[in-house]
Amino acid sequence: GLLVSALLVAGVWLATTQSLIGQQIADLILYGRVASDPAVLGAATDALTTVSLAFVLTAALGLLGLAIVRGGFGLAAAVFVLLAGANLTTQLLKQVLERPDLLAGAAYASGNSFPSGHVAIVSSLALASVLVVPRRARTLVAVIGAGLVATVGVSTMIAGWHRLADVEGAIFISLGWASFVTAILVAVRGWMPRRTWRRGVGGPPIRLVGAAGAVAVVAGMIGIVVIGVDPSPLAELVATNAIAPRTFVAALAVAAGTSLVGCAGYVWALRRVAFELPG
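A.B. asks: Give a detailed account of the side chain of Ser-116, specifying residues and quantitative values.
C.D. replies: With respect to the helices and strands, Ser-116 occurs in the loop between α4 (53-96) and α5 (117-132). In this structure Ser-116 touches Thr-90, Lys-94, Thr-156, His-162, Asp-166, Val-167 and Ala-170, once residues within four positions along its chain are discounted.

This is the structure in structure tokens:
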């Protein structure tokens, strides 16, 4: 899981920042963002402002406390490593990675914005929540978490703060750290009587969430390729106002779908293991 996530992060970054076509599509999406409606922009901004320092500290401390109660200091340590690792990695990459100007000054915004700090915070908290709650609650928590991640990810794009790749990268980073700490926990202390395996699977609801997310990702990617690949230079498209919001809408579908697939996949990965203290 960690290796796959790392490859996805690297692939997304390379594809969207180190090639002309990648940068053009990435910025074409944001130029078409539907921010003309003040109500939509206001809702997106409100969603982002809720991800405050107070919110993060409260949520993190709550998860650490729940982890100690349910699984002892080992589970709490895993939660801490997941949250710290995902968010520190995100901030480090944001500082060290560079985005060359391949668009002759026509980029939506200069400088590197990969990956999204807001999305990393919410996605790492969502995955940590799935990790510490009782098995029967994993599906509900994963669905709620996926909804929150999708909301924040979509909002960063509506507000024009981040590109699609920034959202995807943050989700993959969080999944990578979640996979890492989960693998260690499973090796050290994971257990579950065979008769209770199915309690951790999530049943039809989580499969439906995963399937819906996969459909959204595939449909959105097809839309981006079909609509967004334009041979005209980006500067010309911007100057002639020839950018429709359809590519942006397709990108929103990809961002939301990735959130659903990621959280559903994590529940599936935990299907045969529990971390609470026996007895």
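A.B. asks: Which residues make up a nonpolar patch on the surface, and what are the values?
C.D. replies: A cluster of nonpolar side chains, namely Ile-21, Val-218, Ile-222, Val-225, Val-226, Ile-227 and Val-229, defines an oily patch on the protein surface of about 610 Å² accessible area. The leading source of residues in the nonpolar patch is helix α8 (residues 203-228), at five residues. If you trace the backbone, Val-218 turns up in helix α8.

A.B. asks: So what's going on with the packing of α5 against helix α6 (residues 138-158)? Which residues, and what values?
C.D. replies: Closest axis-to-axis distance for the α5/α6 pair is 9 Å, and the angle between their directions is 180°. Here α5 is positioned roughly antiparallel relative to α6, judged by the angle of their axes. Mapping the contact onto sequence places His-118, Val-119, Val-122, Ser-123, Ala-126, Ser-129 and Val-130 in α5 and Arg-138, Val-141, Ala-142, Gly-145, Leu-148, Val-149, Val-152, Gly-153 and Thr-156 in α6. In terms of residue class, the contact of α5 with α6 is made up of nine nonpolar, six polar and one charged.

A.B. asks: Which residues make up helix α3 (residues 38-49), and what values do they have?
C.D. replies: With 12 residues, α3 should reach 16 Å at 1.5 Å per residue; the first-to-last C-alpha distance of 16 Å fits that figure. Residues Ala-44, Ala-47 and Leu-48 constitute the buried set of α3. Angular distribution of buried residues about the axis of α3 spans 100°; they occupy a single face of the element. The outward face of α3, more than 90 degrees from its buried face, is lined by the exposed residues Pro-38, Ala-39, Asp-46 and Thr-49. Residues of α3 that are buried sit in contact with α5 and α6.

A.B. asks: I'd like a rundown of the environment of Phe-114, residues and numbers included.
C.D. replies: Residue placement: Phe-114 occurs in the loop between α4 and α5. Residue Phe-114 is classed as buried on the basis of its relative accessible area of 2%. With near-sequence residues (within four places) excluded, Phe-114 lies in contact with Val-9, Val-12, Trp-13, Leu-93, Lys-94, Leu-97, Ala-165, Asp-166 and Gly-169.

A.B. asks: Describe in detail the confidence of the model for the chain, supporting the description with residues and values.
C.D. replies: Residues of the chain with pLDDT of at least 70 account for 92%, and the chain-wide mean is 88. At the low end of the mean pLDDT range in the chain sits helix α9 (residues 234-239), at 78; at the high end sits α5, at 96. Scored below 50 in pLDDT, residues 192-197 shows nine contacts in the model against residues more than four places distant or in partner chains.

A.B. asks: Explain the layout of surface pockets residue by residue, including any values.
C.D. replies: What the largest pocket holds in volume is close to 440 Å³. Elements that contribute at least two residues to the lining of the largest pocket include exactly α1 (2-17), α2 (20-31), α7 (164-188), α8 and α10 (246-269). Looking at the lining of the largest pocket, its residues break down into 17 nonpolar, three polar and two charged.

A.B. asks: Residues and numbers for the pattern of salt bridges, please.
C.D. replies: By the definition in use, this model includes two salt bridges. In this structure, Arg-99 and Asp-27 form a salt bridge, with 3.2 Å as the shortest nitrogen-oxygen distance. With a gap of 72 residues between them, Arg-99 in the loop between α4 and α5 and Asp-27 in helix α2 connect regions that are remote in the sequence. Residue Arg-163 is joined to Asp-27 by a salt bridge in which the shortest nitrogen-to-oxygen separation is 2.6 Å.

Rules used in this analysis
- Residues numbered from 1 in each chain as written.
- Predicted model: local features only at pLDDT ≥ 70, side-chain atom pairs only at ≥ 80, totals over all residues.
- Heavy atoms only, no water.
- Helix = DSSP H or I, 4+ residues; strand = E, 2+ residues; numbered from the N terminus.
- Contact = heavy atoms within 4.5 Å.
- Patch = residues over 30% accessible without salt bridge, like charges linked within 9 Å, V, L, I, M, F, W, Y side chains within 5 Å.
- Areas by Shrake-Rupley, 256 points an atom, 1.4 Å probe, with all protein chains shown as cover.
- Salt bridge = Lys/Arg side-chain N within 4 Å of Asp/Glu carboxyl O.
- Axes fitted to C-alpha atoms, helices over the stretch in contact; angles between N-to-C directions.
- Parallel < 35°, antiparallel > 145°, perpendicular 65-115°, else oblique.
- Nonpolar A, V, L, I, M, F, W, Y, C, P; charged D, E, K, R; others polar.
- Expected span 1.5 Å × (residues − 1).
- Buried < 20%, exposed > 50% of the residue type's maximum accessible area, 1.4 Å probe, protein only.
- Arc of directions from axis to C-beta.
- pLDDT = per-residue confidence, 0-100.
- 1 Å grid on protein atoms, 1.4 Å probe; cavity = no way out; pocket = protein on both sides within 12 Å on 5 of 7 lines; lining within 4 Å.
- Points joined across faces, edges and corners; volume = space filled by probe spheres on them.

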